[in-house]
Amino acid sequence: SQRESIKPTPNVIRTKQPHRYTSLLLAFLLACSTAGRAQRITTDKSAFAMTTAVIYIDPAEAELVKTAATLLQRDIEQVTGRKLPIVATVDQFHKNVIAVGTIQQSAFLKQLVSGRKINLKAIEGQWEASLIQTISNPAKGITNALVVAGSDRRGAAYGVFELSRQFGVSPWYWWADVPVEKRNEIYIRSGVTVTDAPKVKYRGIFINDEAPALSSWSREKFGGFNHKFYEKVFELILRLKGNYIWPAMWGNAFYADDSLNIKAADAYGIVIGTSHHEPLMRAHDEWRRAGGGPWNYETNPEKLRQFWRDGMKRASNEKIVSIGMRGDGDAPMSRETATALLERIVADQRGIISEVTGKPAAETPQLWALYKEVQDYYDKGMRVPDDVTLLLCDDNWGNLRKLPRPGEKPRKGGYGIYYHFDYVGGPRNYKWLNTNPLPRIWEQMNLAYQHNVKDIWIVNVGDIKPMEFPISFFLDFAWNPEKIDADDLTRYSEQWAAAQFGQQYAADIATMLARYAKYNARRKPELLDANTYPGLEEWKTVVTEWNMLLEKAEAINKALPTHYKDAYFQLVLHPVKACANLNEMYYYVALNKNAYAHKWQEANAYADRVKALYKNDSLITQQYHQLNNGKWNHLMSQTHIGYTYWQQPERQKMPAVSYLPADSAVAKKEGVFQAVRRAKIPAGLTGNRFYQDEKRGVSIEADHYTKAINANGISWKILPDHGRTGSAITVFPVTAGEQTPGENAPRLQYDVYTYSEGAFSIYAYFSPTLNFPGSENGLQYAISVDDERPQLISLNKEDKTSDRGIWNKWAAENIIIKFSKHTITSPGKHTVKFWLVNPGVVLQKLVLDFGGLEPTYLGPSETLEN
Ligand code: REL
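This is a predicted model, so every value here is computed, not measured.

> Run through the overall build of the protein, naming residues and quoting values.
Along its length, the protein carries 21 helices and 29 strands. For 866 residues, the compact-globule estimate of 2.2 N^0.38 gives 29 Å, and the C-alpha radius of gyration of the protein, at 29 Å, lies within 12% of that figure. Taking the principal axes of the C-alpha coordinates as reference, the protein spans close to 100 × 65 × 65 Å. Looking at the protein residue by residue over its 866 residues, the buried ones come to 60%. Sequence-distant contacts, at least 24 apart, represent 78% of the contacts inside the protein between residues at least 6 apart. When the 104 positive and 94 negative side-chain charges of the protein are each reduced to one mean point, those points stand 3 Å apart.

> Could you give an account of empty space enclosed by the protein, with specific residues and numbers?
All chains considered together, the criterion is met by 9 cavities of 30 Å³ or more. Quantified by volume, the largest cavity comes out at close to 280 Å³. In this structure, the largest cavity is lined by 25 residues; those nearest its centre are Thr435, Pro437, Arg440, Ala521 and Asn814. Elements with a contribution of two residues or more to the lining of the largest cavity: strand E17 (415-420), helix H14 (438-450), helix H17 (506-522) and helix H21 (806-813). Per-class residue counts for the lining of the largest cavity are 9 nonpolar, 10 polar and 6 charged.

> An account of the site of the ligand is needed here, citing residue identities and associated values.
Around the ligand sit 13 residues in total, of which Asn208, Trp250, His277, Tyr418 and His420 are the nearest. Side-chain polar atom of His420 to an oxygen atom of the ligand: 2.8 Å apart, as the coordinates give it. For the ligand, an oxygen atom lies 3.3 Å from a polar atom in the side chain of Asn460. When the ligand sits alone it has 330 Å² of accessible area, and the protein chains cover 91% of it.

> Lay out unusual backbone geometry with the relevant residues and their values.
Looking along the chain, the bond that leaves Ala211 and enters Pro212 is cis, with omega of 5 degrees. Within the secondary structure, Pro212 sits in the loop between strand E11 (202-207) and helix H6 (213-222). With an omega of 5 degrees, the peptide bond between Lys465 and Pro466 qualifies as cis. Inspection of the secondary structure assignment puts Pro466 in the loop between strand E18 (456-462) and helix H15 (468-479). A positive phi angle is found at Glu128, which is not glycine, with a value near 60 degrees. In this fold, Glu128 is placed in the loop between helix H4 (107-114) and strand E7 (130-139). The backbone of Met281 sits at a positive phi, close to 65 degrees, despite the residue not being glycine. Take Met281: it is sitting in the loop between strand E13 (271-273) and helix H10 (284-290). Met281 gets classed as buried once you look at its relative accessible area, which sits at 0%.

> So what's going on with the sheet that holds strand E10 (residues 194-196)? Residues and values would help.
Paired through their backbone hydrogen bonds, the strands of a sheet run either parallel or antiparallel. The 6 strands lie next to each other as E5-E4-E6-E8-E7-E10, forming an open sheet whose pairing is mixed. This sheet does not close on itself; its edge strands, each paired only once, are strand E5 (86-87) and E10. Strand contacts of helix H5 (residues 153-166): strand E6 (96-102), E7 and strand E8 (142-150), with the helix running at about 120 degrees to E8, the strand carrying the most contacts.

> An account of the packing of aromatic side chains is needed here, citing residue identities and associated values.
Applying the stated rule across the entire model yields 62 aromatic pairs. Between Tyr56 and Phe108, the ring centres sit 5.6 Å apart and the planes meet at 75 degrees, which makes this aromatic pair edge-to-face. Of the two residues, Tyr56 sits in strand E4 (residues 53-56) while Phe108 sits in helix H4, which places them 52 residues apart along the sequence. A ring pair is formed by Phe225 and Phe229, whose centres lie 4.9 Å apart and whose planes are at 90 degrees; its orientation type is edge-to-face. With respect to burial, Phe225 and Phe229 carry one shared label: buried.

> How would you explain the environment of Glu862 if you had to name every residue and give the values?
Along the chain, Glu862 falls in the segment after strand E29 (843-849). A polar side-chain atom of Glu862 sits 3.0 Å from the main-chain amide nitrogen of Glu701. Reaching out from Glu862, the side chain makes a polar contact with the side chain of His704 at a distance of 2.8 Å.

> Help me get a handle on the pairing of E17, residues and values and all.
Within E17, 6 of the 6 residues are buried, which leaves the element mostly enclosed by the surrounding structure. Neither face of E17 is left uncovered, since the one carrying Tyr415, Ile417 and Tyr419 and the one carrying Gly416, Tyr418 and His420 both have all their residues buried. Both strand E16 (residues 389-393) and E17 contribute to a ladder of 4 bridges, which runs parallel. By the bridge assignment, Cys393 is partnered in E17 with Tyr418. Bridge count between E17 and E18: 5 bridges; the pairing is parallel. Across the sheet, the residue bridging to Tyr418 is Ile458, located in E18.

> Describe H17, with residues and values.
End to end, H17 covers 25 Å across 17 residues, agreeing with the expected 24 Å (1.5 Å per residue, within 8%). Of all 17 residues in H17, 12 are buried; the element is thus mostly enclosed. Along H17, the residues that are buried comprise Ala506, Ile509, Ala510, Met512, Leu513, Tyr516, Ala517, Lys518, Tyr519, Asn520, Ala521 and Arg522. On the buried face of H17, the contacting elements are H15, helix H16 (489-501), helix H18 (536-559), helix H19 (565-597) and H21.

What counts, and at which threshold
- Residues numbered from 1 in each chain as written.
- Predicted model: local features only at pLDDT ≥ 70, side-chain atom pairs only at ≥ 80, totals over all residues.
- Heavy atoms only, no water.
- Helix = DSSP H or I, 4+ residues; strand = E, 2+ residues; numbered from the N terminus.
- Rg over C-alpha atoms; globule rule 2.2 N^0.38 Å.
- Buried < 20%, exposed > 50% of the residue type's maximum accessible area, 1.4 Å probe, protein only.
- Contact = heavy atoms within 4.5 Å.
- Lys, Arg positive; Asp, Glu negative; His and termini not counted.
- Charge placed at Lys NZ, Arg CZ, Asp CG, Glu CD.
- 1 Å grid on protein atoms, 1.4 Å probe; cavity = no way out; pocket = protein on both sides within 12 Å on 5 of 7 lines; lining within 4 Å.
- Points joined across faces, edges and corners; volume = space filled by probe spheres on them.
- Nonpolar A, V, L, I, M, F, W, Y, C, P; charged D, E, K, R; others polar.
- Near = heavy atom within 4 Å.
- Polar contact = N/O pair within 3.5 Å; in protein donor to acceptor, adjacent residues only side chain to side chain.
- Areas by Shrake-Rupley, 256 points an atom, 1.4 Å probe, with all protein chains shown as cover.
- Pairing = 2+ DSSP bridges.
- Axes fitted to C-alpha atoms, helices over the stretch in contact; angles between N-to-C directions.
- Phe/Tyr/Trp six-rings, centres within 6.5 Å; stacked < 30°, edge-to-face > 60°.
- Expected span 1.5 Å × (residues − 1).

By themselves, these are just geometric observations and shouldn't be taken as functional.
Given below as structure tokens:
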């Protein structure tokens with residue numbers, strides 16, 4: 001028979017996993033350690049009591065400092081019920097003073113400096129730095145001062161919002177209804193000076209793909225994307241310590257739609273940019289509105305120059321000017337577009353910039369975005385002047401495409417990253433819910449930071465909601481990437497959860513935030529269908545995981561005090577509920593198909609269940625829209641069921657199901673119609689029952705190595721919870737040079753035991769990292785078994801475009817799977833060796849296939865030893 005003709009294949013078992021328990025212990029110890037941020041708030045009643053003070057601010061300060069002081073006044077009032085006076089001079093009537101100001105403008109601060117009551121050297125001349133300090137007897141008649149000093153206007157504001165955060169006003173208090181913690185008094189610890197400043201210069205968000213959800217909402221609540229809307233957005237950005245935005249541009253134009261938008265930007269100190277394909281501060285839609293003719297510099301240069309000149313004249317505020325040119329409306333320029341033409345466009349644009357500003361172009365911050373095909377122009381040699389920031393871009397799916405080489409000559413304008421949490425385009429839009437797990441954002445943005453990308457970090461956040469958690473993380477990480485390590489993500493998430501919901505359930509909530517994003521990242525909800533998981537068993541496992549998560553999310557919802565519930569629904573329960581429901585719906589479509597094909601009578605009940613789950617999807621949306629008296633109406637109106645190609649369907653459409661005529665059904669042979677809701681994972685799934693199962697091969701999570709060999713200053717490090725199933729592993733420093741496998745080379749070893757000998761294959765699963773060094777061979781790894789000669793394999797050199805071909809598969813499946821063949825000549829212990837060649841390679845899983853591996857989407861679940 002065919003079976004007998006198959007070569008003998010080794011049966012394999014795995015050895016113990018030495019790291020499982022150590023890593024658990026480590027996680028526990030980390031969770032117990034105290035917060036990284038210097039805490040200013042105390043319960044010590046002899047400390048500085050905020051409500052006994054006035055807020056002083058010099059009338060000469062910039063609008064932003066006044067805005068910050070007013071918000072501080074409001075925050076204190078929200079917490080304590082007491083409204084502090086804001087005063088313009090400090091005198092003996094004010095015993096206690098909260099002095100908010102900048103080194104440049106505050107008369108009181110200057111007085112303190114000259115009287116040697118305070119030393120501001122630590123922040124002087126810095127970008128956005130702040131210093132917070134209490135001083136007793138700072139001046140005649142004043143008992144105590146709490147100084148919040150900024151090296152500039154945003155520095156002062158960040159100092160204020162750091163305090164607010166610490167005394168219990170979440171940056172999300174308005175945007176996610178996070179309740180403000182009430183207290184009678186806020187005491188500020190004395191004797192500690194805290195200084196802080198960002199590591200990344202411009203940190204911001206792009207409101208994009210804003211229809212239908214955010215557009216309908218902003219229309220209903222504010223009358224559109226006007227200054228009332230933007231004031232809310234700017235306040236949020238400031239509280240999150242960001243400073244930069246690309247405003248909404250789907251049929252919207254920030255400068256043209258409301259002349260007060262620019263004033264709001266200034267009052268909140270937010271730097272405005274226009275997106276990557278909107279040069280010289282003009283929204284794309286304005287060209288359409290103006291009827292400017294062809295968007296073509298060869299045939300229509302005069303009109304374009306005038307259009308851009310007007311844009312520059314109007315944008316008198318703080319800004320970063322996008323330069324360069326793409327095709328009309330985010331399309332590539334024609335193939336024939338010559339680099340020479342683009343260089344001329346840039347030169348002409350800079351001419352306009354200097355003409356309008358009356359200064360050399362280099363004095364206005366500019367960026368050139370290497371988005372999609374524009375990167376090819378760069379790769380073919382096109383350059384822009386050194387003062388322009390090169391905005392490197394991800395592939396729209398959170399995977400960086402290019403980074404400066406380590407040791408590359410620094411550029412004056414430096415580098416930035418444009419990243420995505422939300423996208424409209426292929427292989428499919430993802431705009432509905434948050435599908436961005438922190439570990440991958442961390443890993444990619446850390447890579448960027450370590451490669452000296454420090455000038456701009458901007459992320460496409462779609463409708464803002466429901467990206468609250470990853471937005472917080474992106475901006476916190478941008479503030480200081482050196483403060484958050486891969487191991488700190490659990491702690492970060494717990495602190496974030498505690499800041500929104502209090503300490504009691506913070507750890508559980510953090511786990512849920514991590515879990516739902518991880519599950520969603522396996523495949524974006526818009527890409528799911530009944531065929532996503534090739535086997536019903538895998539489907540069932542996935543749905544069971546979702547439903548267990550939901551069970552937990554609902555239990556916490558029950559236990560949480562009522563005032564947290566609106567926020568909890570938006571931030572935690574809704575995505576879990578909606579995605580558990582969606583996955584289960586597709587699972588039942590798969591069950592229906594299978595039962596129908598077998599003519600099992602259960603087919604009809606499965607079909608009914610699909611209908612019920614489909615309906616439930618809209619009920620869950622409705623629940624969101626009704627929250628807090630309809631405050632968030634429309635925000636979940638993004639269609640997400642019924643996709644037929646990359647673009648979203650106009651309307652949702654239930655997946656097709658089939659009914660059997662009553663008389664044609666036969667009884668099902670095995671299994672029963674059973675809802676997987678609330679089911680526990682069957683014990684067997686984590687036990688050893690696939691031990692020697694040819695169909696499943698042997699599956700090893702990457703972090704469960706037997707031995708990690710560090711060498712040449714390079715160390716292996718686990719990226720906890722990174723990846724589609726378990727954790728992942730990579731090396732640090734990420735800028736290390738290429739390594740050659742050899743006796744003293746960094747590698748991971750995985751011991752396995754076989755009962756026989758023969759040929760087998762190894763599938764290696766990687767995070768979909770792209771060829772960011774742009775090298776001929778892409779990123780490589782090497783693999784061998786025992787003393788075999790290591791095989792050198794490229795992860796990603798086939799990817800040439802990052803918007804078609806094999807890349808579609810990598811992006812959609814969020815994995816790159818590589819394959820190698822091996823032979824062993826005797827049974828017994830064998831060692832799989834995974835060799836480092838290039839850093840940046842992130843290994844998630846190894847699967848050994850002995851000939852009969854059944855198809856799965858996530859790979860077989862891990863094989864465990866007895
Ligand atoms: O995600 C992106 O960067 C682009 O698809 C968008 O920036 C693009 O401008 C689109 O919204 C419309 O033009």
